[in-house]
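What follows is each chain in one-letter form.
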Amino acid sequence: MTDILRVAVIGAGRMGADHIKRLSTRTHGAEVAAVVDVDLARARAAIEGIAGAVALDSAEEALNNGDVNAVLIATPGFLHEDILYLALAKGFPILCEKPLTPDAESAWRVVEAEVATGRRLIQVGFMRRFDAEYAALGSMIRRGELGDLLMLHHQHRNPTTPPGFTNEMLIHDSVVHEFDAIRFFTGEEITSVQVRLGKATHRASNGQHDPQQVLIETASGVLADVEIYVNANFGYEVSTQATFEDGIVSIGADAGPFVKAAGRWGGEVAPGFEARFRAAYDVEVQAWVDAALRGELGGPSAWDGYATAACCEAGVEAQKSGLREAVLLREKPELYR
Ligand code: ISE
């Protein structure tokens, strides 16, 4: 196709800025050609020191810039759909941050639009699949060395939430990662979601009920639970314990260095997802670039984006009803089999 990806990064906020730094300093075979943000000053600040990059406030203009041949979408989820159509029409390889879109209907429209192009152009930003421990647990499950996987216990804790982070976003911005991880681990679709709201922290804002317990079931009956706690204050933690017939596997436990000093012992807690998943993001973006340069995209697909959007919809419904809500999916198109 080409020997270098010239990427337009749409959205220069927290995740966009992180990816811009990554693409311009650590990723091989790619460079930042354009940065788009509604806040042009923020786009300009993001391209400082990046030779040849332009700052714009229109995604359409960026994608029509002859210098661009790929797009990384890092705007809030509700803005993804229109940008995805523009990029699909251009035939550009796309890395779209999660969630693909905020609801199942719009995600399905994106699936249909990609299917109409006849090839995979979208990789969805579920970076946990590229984390070394996630990948290792995934292979242990597939190899079956500890017998069948029976249950998954997930903890997802954030120190705090940005302004405007609503109660629904606990599901479609945060637990969406566990929906994808559970599908990745089990290789199965999720069939139901239930949400339990217990005692809440006084730190929650924006109408959030925090923490929440999300109970999930897969097609073969694997049960998973998620503690989502987004105002946990102490730092960032994402971990999983997997229960097998013949053993228990834990990932995401705090790693060293372990220090004893001043009468205490312990290590450090990651302050946020950029630090916790830095290596995973690096591998994710490099995998996207390498695959795009070969002309064959892989990784989490638009189907995964759609299936997780359907889980999120059931999750938001379950927040309100307290009931076990079914996840109903359309038939998986051939392109994703
Ligand atoms: C954020 O958007 C992420 O993707 C993080 O991985 C997640 O931990 C956080 O809850 C989300 O808000």
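A.B. asks: Help me understand the domain arrangement of the protein, please; the structure alone is not making it clear to me.
C.D. replies: It is common to report an interface's size as the accessible area lost on association of the parts. Structurally, the protein comprises domain 1 (5-128 + 279-301) and domain 2 (131-273 + 307-336). Distance between the C-alpha centres of domain 1 and domain 2: 25 Å. Each partner contributes residues to the interface: domain 1 has 23 residues there, and domain 2 has 21 residues. Buried area between domain 1 and domain 2, summed over both chains or domains, comes out near 2000 Å², and the portion from carbon and sulfur atoms is 62%. Of all residues in domain 1, W108, F126 and R128 give up the largest surface area on contact with domain 2, accounting jointly for 39% of the area buried on that side. Between domain 1 and domain 2 we count three salt bridges in total. One salt bridge in this structure joins E105 and R330, with 2.9 Å as the shortest N-O distance. The interface formed by domain 1 and domain 2 holds eight residue pairs in polar contact (both at pLDDT 80 or more) in total.

A.B. asks: I keep staring at unusual backbone geometry and nothing clicks. Help me out?
C.D. replies: Among all residues save glycine, negative phi is the norm, and among peptide bonds the norm is trans. K98 connects to P99 through a cis peptide bond whose omega is -10°. Considering the arrangement of structural elements, one finds P99 in the loop between β5 (94-97) and α5 (104-117). Between D210 and the following residue, P211, the backbone shows a cis peptide bond with an omega angle of 0°. Its location among the elements puts P211 in the loop between β8 (190-197) and β9 (212-218). With phi around 55°, N206 is a residue other than glycine that occupies positive phi space. Relative to the helices and strands, N206 resides in the loop between β8 and β9. When its relative accessible area of 39% is taken as the criterion, N206 is described as partly exposed. A positive phi angle, close to 75°, is found at N233, a residue other than glycine. Topologically, N233 is positioned in the loop between β10 (223-229) and β11 (237-244). N233 gets classed as partly exposed once you look at its relative accessible area, which sits at 47%.

What counts and what doesn't
Residues numbered from 1 in each chain as written. Predicted model: local features only at pLDDT ≥ 70, side-chain atom pairs only at ≥ 80, totals over all residues. Heavy atoms only, no water. Domains from an automatic or database assignment. Contact = heavy atoms within 4.5 Å. Buried area = accessible area lost by both parts, 1.4 Å probe. Salt bridge = Lys/Arg side-chain N within 4 Å of Asp/Glu carboxyl O. Polar contact = N/O pair within 3.5 Å; in protein donor to acceptor, adjacent residues only side chain to side chain. Helix = DSSP H or I, 4+ residues; strand = E, 2+ residues; numbered from the N terminus. Buried < 20%, exposed > 50% of the residue type's maximum accessible area, 1.4 Å probe, protein only.

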